[in-house]
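# Structure assessment
Listed here are the chains, written in short residue letters.
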Amino acid sequence: MSNAWYTICINGKRNGFFKSQRGVKQGDPILPSLFIIASEVLSRLLNKLYEDKKFNGFNMPTNGPSINHLSYADDIIIFSSGKSYTLMKIMKCLKDYQENSGQMINEGKSCFLMDDSISSKRVNIVAGILNFQRANFPITYLGCPIFVGRKNIQYFSFMATKILQKLDSWQCKTLSNGGKIILIKHVLSAIPVHLLSICMPPKTIFKQIESIFANLFGDKGDDEGGIGVRSLQEIAESFSAKLWWTFRTAESLWTKFMKAKYSMRIHPMARKWNYAHSHTWRRLMKIRDKVDHLIHWKINKGNSNIWWDKWMGTGKLARLNTNTSINSPLHQYIHHKEWDTNKLLKNFPLEMVNNIQNIKIHSLDHRDIPIWTPTCDGKFTCKSAWNAMREPNHTSLVWSSGDPGTPVP
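Overview of the structure. Just so we're clear, the structure is a prediction, and the values are computed from it rather than from any experiment.

### Some words on the overall build of the chain
Within the chain, the regular secondary structure consists of 14 helices and 14 strands. Buried residues in the chain amount to 35% of all 409 residues. Accessible area for the chain stands at about 25700 Å²; split by element, carbon and sulfur atoms hold 53% of it.

### A few points about the layout of surface pockets
Taken as a whole, the second largest pocket encloses approximately 600 Å³ of empty space. Around the second largest pocket sit 27 residues that line it, and Arg-248, Glu-251, Lys-259, Asn-303 and Arg-367 are the ones nearest its centre. Elements represented by at least two residues in the lining of the second largest pocket include exactly α9 (232-249) and α10 (253-262).

### Points about unusual backbone geometry
Following Phe-137, the chain continues to Pro-138 via a peptide bond in cis, the omega torsion being 5°. Looking at the element boundaries, Pro-138 is found in the loop between β6 (133-134) and β7 (139-141). Phi is positive for Asn-63, close to 70°, though the residue is something other than glycine. Locating Asn-63 in the fold gives a position in the loop between α1 (31-48) and β3 (69-72). Not every positive phi belongs to a glycine, and His-336 is a case in point at roughly 55°. Within the secondary structure layout, His-336 lies in the loop between β10 (334-335) and β11 (338-339). Among the residues examined, His-336 registers a relative accessible area of 67% and is labelled exposed.

### Description of the nonpolar core
Judged by nonpolar contacts, the single largest core of 40 residues is most densely connected at Trp-244, Trp-311, Trp-339, Phe-348, Ile-356 and Trp-372. For this core, the secondary structure elements donating two or more residues are α9, α10, α11 (279-291), β9 (295-298), α13 (350-357) and α14 (382-389). Within the second largest apolar cluster, 28 residues are counted, among which are Ala-160, Leu-195, Leu-196 and Met-200.

### Considering the pattern of salt bridges
Counted according to the given criterion, the structure contains nine salt bridges. Across the salt bridge formed by Lys-89 and Asp-52, the nearest N and O atoms sit 3.8 Å from each other. With Lys-89 in helix α2 (residues 84-101) and Asp-52 in the loop between α1 and β3, this residue pair connects regions lying 37 residues apart in the sequence. In this structure, the salt-bridge partner of Lys-92 is Asp-96, at a minimum N-O distance of 3.1 Å. Separated by four residues within a single helix, Lys-92 and Asp-96 lie in helix α2, roughly one turn from each other.

### Points about the packing of α2 against helix α3 (residues 120-130)
At a minimum axis separation of 9 Å, α2 and α3 run at an interaxial angle of 20°. Comparing the axis directions of α2 and α3 gives the class roughly parallel. Pair α2 / α3 crosses with right-handed handedness. Here α2 contributes Ser-84, Leu-87, Met-88 and Met-91 to the contact with α3, which in turn contributes Arg-122, Ile-125, Val-126, Ile-129 and Leu-130. Its residues placed into classes, the contact of α2 with α3 shows seven nonpolar, one polar and one charged.

### Some thoughts on the environment of Leu-46
With respect to the element layout, Leu-46 can be found in helix α1. Judged by relative accessible area, which is 1%, Leu-46 ranks as buried. Taking C-alpha positions, Leu-46 is 10.0 Å from Lys-92, a pair spaced 46 residues apart along the chain.

### Looking at the pairing of strand β4 (residues 75-78)
Pairing analysis gives four bridges linking β3 to β4, with the strands arranged antiparallel. Within β4, the position partnered with Ser-71 by the bridge is Ile-76. The hairpin formed by β3 and β4 contains two residues between the paired strands, and Ala-73 there has a positive phi angle of roughly 55°.

### Here we look at the packing of helix α7 (residues 203-215) against α9
Taken N-terminus to C-terminus, the directions of α7 and α9 make an angle of 135°; their axes are 9 Å apart at the nearest point. For the element pair α7 / α9, the angle class is oblique. Touching Lys-203, Phe-206, Ile-209, Glu-210 and Phe-213 of α7 are Leu-232, Gln-233 and Ala-236, all from α9. The residue makeup of the contact of α7 with α9, split by class, is five nonpolar, one polar and two charged.

### Some thoughts on the packing of aromatic side chains
Each aromatic ring pair is specified by the distance between its two centres and by the angle formed by the two planes. Taken as a whole and judged by the stated rule, the model has 14 aromatic pairs. Note on Trp-244 and Phe-247: the rings are 5.6 Å apart at their centroids and 45° apart in plane angle, and the pair reads as tilted. Residue Trp-244 and its partner Phe-247 are both found in helix α9; the two are separated by three residues, about one turn of the helix. As far as the burial class goes, Trp-244 and Phe-247 line up, both buried. On the numbers, 5.8 Å between centres and 20° between planes, the contact of Trp-245 with Phe-380 is stacked. One end of the pair, Trp-245, is in helix α9; the other, Phe-380, is in the loop between β12 (369-372) and α14, and 135 residues separate them in sequence. In this pair, the class of Trp-245 matches that of Phe-380, namely buried. One cation-aromatic arrangement involves Arg-230 over Trp-386; the distance from NZ or CZ to the ring centre is 4.0 Å.

### Describing the pairing of β12
Two faces make up the sheet, and in a regular strand the side chains alternate between them. Every second residue of β12 is oriented toward a common face, the buried set being Pro-370 and Trp-372 and the non-buried set Ile-369 and Ile-371. Where β9 meets β12, four bridges bridge the pair, whose relative direction is antiparallel. Within β12, the residue paired with Trp-297 across the bridge is Pro-370.

The rules behind the values
- All residue numbers refer to position in the chain's written sequence, counted from 1.
- The predicted nature of this model means local features are confined to residues of pLDDT at least 70 and side-chain atom pairs, given and counted, to a pLDDT of 80 or more, with totals for whole chains, interfaces and linings taken over all residues.
- To get the side-chain values, all heavy atoms of the structure are used, and hydrogens and water are removed first.
- Put simply, DSSP H or I for four residues or longer makes a helix, DSSP E for two residues or longer makes a strand, and each gets a number counted from the N terminus.
- Exposure is judged per residue with a 1.4 Å probe applied to protein chains only, and the accessible area is read against the type maximum: over 50% gives exposed, under 20% gives buried, and values in between give partly exposed.
- Note on areas: Shrake-Rupley, 1.4 Å probe, and residue coverage restricted to the protein chains presented here.
- A 1.4 Å probe that fits but cannot get out identifies a cavity on a 1 Å grid over protein atoms alone, an open set with protein on both sides within 12 Å along at least five of seven lines counts as a pocket, and a residue lines either if it has an atom within 4 Å of a point.
- Grid points are joined across faces, edges and corners, and a volume is the space filled by probe spheres set on the points.
- For the purposes of this section, nonpolar cores are sets of buried Ala, Val, Leu, Ile, Met, Phe, Trp, Tyr and Cys residues that join through side-chain atoms within 4.5 Å.
- The salt bridge definition used is simple: a Lys or Arg side-chain nitrogen within 4 Å of an Asp or Glu carboxyl oxygen.
- Axis definition: a line fitted to C-alpha atoms, limited for helices to the stretch in contact. Angles are taken between N-to-C directions and run from 0 to 180 degrees.
- To sort the angles, those under 35 degrees are grouped as roughly parallel, those over 145 as roughly antiparallel, those from 65 to 115 as roughly perpendicular, and the leftovers as oblique.
- The hand of a helix crossing depends on one turn: near helix anticlockwise from the far one by less than a right angle means left-handed, and clockwise means right-handed.
- Residues are treated as being in contact if the distance between any of their heavy atoms lies within 4.5 Å.
- When residues are grouped by polarity, Ala, Val, Leu, Ile, Met, Phe, Trp, Tyr, Cys and Pro land in nonpolar, Asp, Glu, Lys and Arg in charged, and all others, Gly among them, in polar.
- Here, a strand pair is defined by DSSP locating no fewer than two bridges between the strands.
- Note on ring pairs: Phe, Tyr and Trp rings are taken, using the six-membered ring of Trp, and paired if centres are within 6.5 Å. Classes follow the plane angle, with under 30 degrees stacked, over 60 edge-to-face and the rest tilted.
- The rule is short: NZ of Lys or CZ of Arg within 6 Å of the ring centre and within 35 degrees of the ring normal puts a charge over the ring.

Have a look at this one:
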């Protein structure tokens, strides 16, 4: 872009013009694409570090993806060991990227995090190599608190604070009851949705937010049947269902990492609860029994589990076998696109084998297809998950057409 001219305003007055030599105008639609191309260079430089046998990356699950960074727009988190050679290689990548792209790292906003058990001597060595300040957990990244250990209420208190700040900008006392309902349903309830899709706050936070909603009406609040406001906890559970659906059906970096860490040798439905596991995995464990039976598998190449996945109309078959913790894919019972009757008879009664043989095997070239049974098209939606899992509340009340504040039974 060499045909544009710019001027600078100093104290409200224009002071000459100068011609541009390169770059694009602010708001140019090609700008995001150029940024992504440049960021891809940095991503590949970091991934290429694994070719160096001396490079010691962050400890990852065996057979899982090797991850040394996650990036979103101009934010990036780099995972690494604390070894000096590894850190110097990473800094060299960042330096080369700065020199070739013209983009600079904001050292004032950059930091590094280490476990509290690391010695101060090692921390000083790392700080000297990186030239960043050390930060302590918890931190906030993309609006989500990242912490170590138990969930603390103070990590999520900003959710209620944001809602209160939003209310301060409204003259709520002048709103009618109908206006307050619109404010709650379409403005205030939407504020925590992003965070609820990522992590599950403590129940106290839900109570605080519901208390704020109730105070708008000057009483203890109405249930969903009265004013039609959905429970935030039920919304959070529908997002938990979405996480489970994604974990079970998608082939993303996150699902590959989670499967390698928690269910490489055992089916996730057979995995036992453990408090030492991450908060995200425990969230999945809490929701799995409510959601997994709603997923039906259409058989193609037979990668579904014969015991734990719902591929028959009768539900899961794990109840018929006490040794069902191992992964037993369906393709072990399929031979040349036909059911292997001899193998089936070793595990199932004759009547069930006859029913299984009536199930069509569609294609051996594709993976089994997950079908979300609560919807007509088989695709997952949070709304259908919310409807499928929620507990019915009290009888709904209909607002009178004359005054939204007066319910009519």
